[in-house]
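One letter stands for each residue in the lines below.
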Amino acid sequence: MAPQVRAGPGSPALSTAVDAAVRDAYLREWSRVVASLIRTTADWDLAEDAAAGAFERAVATWPRDGVPRNPGAWLTTTARNLALDRLRRRSVEAGRLKDWSIMDGSRRRGDDDPAQIAVAGPEWDDRLRLIFTCAHPALPLDARVALTLRTVGGLSTAEIARAFLVSESTMAQRIVRAKARIARAGIPYRVPGPDLLAERLDGVLAVLYLIHNEGYVASAGDDLQRPDLTLEAIRLARLLVRLLPDPEAIGLLALMLLQHSRTATRVDASGELVPLEDQDRSRWDRGEIREAIGLLGARSGERGPYRVQAEIQAVHAEAAAPADTRWPVILALYDELPRTAVVALNRAVALAMTEGPQAGLDALRALEGEPALAGHHLLPAAQADLCRRAGRREAASTHYREALRLAPTGPEQRYLARRLAELGPAQRTSV
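Thresholds, definitions, all that
- Residues numbered from 1 in each chain as written.
- Predicted model: local features only at pLDDT ≥ 70, side-chain atom pairs only at ≥ 80, totals over all residues.
- Heavy atoms only, no water.
- Helix = DSSP H or I, 4+ residues; strand = E, 2+ residues; numbered from the N terminus.
- Contact = heavy atoms within 4.5 Å.
- Salt bridge = Lys/Arg side-chain N within 4 Å of Asp/Glu carboxyl O.
- Axes fitted to C-alpha atoms, helices over the stretch in contact; angles between N-to-C directions.
- Parallel < 35°, antiparallel > 145°, perpendicular 65-115°, else oblique.
- Buried < 20%, exposed > 50% of the residue type's maximum accessible area, 1.4 Å probe, protein only.
- Polar contact = N/O pair within 3.5 Å; in protein donor to acceptor, adjacent residues only side chain to side chain.
- Phe/Tyr/Trp six-rings, centres within 6.5 Å; stacked < 30°, edge-to-face > 60°.
- Nonpolar A, V, L, I, M, F, W, Y, C, P; charged D, E, K, R; others polar.
- Expected span 1.5 Å × (residues − 1).
- Arc of directions from axis to C-beta.

Asker: Would you mind going over the side chain of Thr230 with me for this structure?
Answerer: You can see Thr230 is positioned in helix α11 (residues 227-243). Leaving out residues up to four positions away in the same chain, Thr230 has contacts with His212, Gly215, Tyr216 and His260.

Here you go:
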């Protein structure tokens, strides 16, 4: 969670501006500061504590001294000094201080592993090291994702717990165990060499996709989107594509760009959800759409799940109006994906748009009782929408109420409530 600036002496407008600056710096710089400190200290907890301390210093001093010209550099320097002070107080850490000096000297000379050269030296980013370390196969998948969301995405433990549908204490222990395993197993803090990059890539892509998804549809809260996370996922995906132009890495980047192209239209000026069919397509980011379609066109041949999902999004992006959407093409593309519960749900919607609402409702009925969808609003929301389209108001009302009960974010809850209200006075409810 972004740190809070408490009101103090001075102009309220200034306090508001500084508060915004601290929040913006947190979104932009948290993972950069943490990643840099992990490289230099090899201590994940120390890195996070020092980074948090730097933001606390910012909260205390920026209202008085003003926002630095380069907030990221200020925060990095402050965090490094806090970490150094902590290490100096530990007499047993003399060896680590020596290692820090050696690594800093190497960094200034430009020395690094061969993978750094592959991303053009100056553009090298510690966060890419962090991603590969968090996605190391020695860690369980849930720990890889959780650790990356915490250290790279900057999510709080509570936010990650909601995303995983577990308690906050359970998630905290998961993160602690992941850090301990990295230290115990001696997992190196580096990007693997070319001979191991391909096999390690799948895990990295899964982590980036989940970070992107948390930004695309937040797991909880008053905001539907977290653009900082989607942009972070896109930035790291670009680095990955440059490092290893694998078809699936390219497909994932294209998928992210296509979904991000609709960011400005997915909510209205009040932050309320706008469904795809009601979005102003003239405001979609055509630059991102062209880039994504260019990526898909540049690499033909192997077509994994990320590329297929990107191709589905491209069909939507190329439709000038909802009525122009080539739903039979989308339906065929869903048939190429592994049949998970969510894929089956989305395929049912595509089927409904191709063959009519009843065909989709029949497919959705087969998913009732599916464990992966239990406790989620997706299934009843889809059923409500198709019942509404079929003119079955009472059934639609029942499903809308169930979806409303389960929806995790404020915009989704209010959207479902509006749909329910549109069915008539007898179906109205409150949130």
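Asker: Looking at this structure, how should I read the environment of Glu248?
Answerer: Mapped onto the elements, Glu248 comes out in helix α12 (residues 247-260). Residues Glu248 and Tyr306, 58 residues apart in the sequence, show an inter-C-alpha distance of 6.0 Å. In this structure, Glu248 is in contact with Leu205, Gly304, Pro305, Tyr306 and Arg307, ignoring residues within four places of it in sequence.

Asker: In this structure, what is going on with the pattern of salt bridges? I would like to understand it.
Answerer: Applying the stated criterion to the full structure yields 26 salt bridges. Arg347 serves as the salt-bridge partner of Asp335, at 2.6 Å between the closest nitrogen and oxygen. Here Arg347 lies in helix α16 (residues 341-355) and Asp335 lies in the loop between α15 (327-334) and α16, a separation of 12 residues in the sequence. The structure contains a network of salt bridges with shared partners spanning Glu277, Asp385, Arg388, Arg389, Arg419 and Glu422.

Asker: How should I be thinking about the packing of helix α6 (residues 126-134) against helix α10 (residues 194-216) in this particular structure?
Answerer: Any two packed helices are characterised by the angle at which their axes cross and by the distance between the axes. Between α6 and α10, the least distance of the axes is 9 Å, while the angle of their chain directions is 100°. Taken together, α6 and α10 sit at an angle that is classed as roughly perpendicular. Taken together, the residues of α10 that come into contact with α6 (itself represented by Ile131, Phe132 and Thr133) are Leu197, Arg200, Val204, Val207, Leu208 and Ile211.

Asker: Explanation requested: the side chain of Asp126 in the structure shown.
Answerer: Note that Asp126 resides in helix α6. Looking at Asp126, the relative accessible area reads 6%, which means it is buried. Within the local environment of Asp126, its side chain forms a polar contact with the side chain of Arg129, the two groups lying 3.1 Å apart.

Asker: What is the right way to look at the packing of aromatic side chains in this model?
Answerer: Working definition: an aromatic ring pair is given by the centre-to-centre distance plus the angle between the planes. Taken as a whole and judged by the stated rule, the model has five aromatic pairs. Aromatic pair Tyr26 and Trp30: ring centres 5.5 Å apart, planes at 35°, arrangement tilted. Here Trp30 and Tyr26 lie together in helix α1 (residues 12-41), a separation of four residues that amounts to about one turn. As far as the burial class goes, Tyr26 and Trp30 line up, both buried.

Asker: Where do I start with the packing of helix α14 (residues 305-318) against α15 in this structure?
Answerer: Their axes nearest at 10 Å, the elements α14 and α15 cross at an angle of 170°. Regarding the angle of α14 to α15, the classification is roughly antiparallel. Facing Val308, Glu311, Ile312, Val315 and His316 of α14, the residues of α15 in contact are Trp327, Val329, Ile330, Leu333 and Tyr334. Partitioning the contact of α14 with α15 into residue classes produces eight nonpolar, one polar and one charged.

Asker: I keep staring at helix α19 (residues 393-406) and nothing clicks. Help me out?
Answerer: Note: α-helices contain 3.6 residues per turn, so residues at a spacing of three or four share the same orientation. Given a rise of 1.5 Å per residue, 14 residues ought to cover 20 Å, and the 20 Å separating the end C-alpha atoms of α19 matches this to within 8%. For α19, the set of buried residues is Ala396, Ser397, Tyr400, Ala403 and Leu404. The buried residues of α19 occupy one face: seen down the axis, they fall within an arc of 130°. For α19, the exposed residues set more than 90 degrees away from the buried face come down to Glu394, Thr398 and Arg405. Buried residues belonging to α19 abut α18 (378-389) and α20 (410-422).

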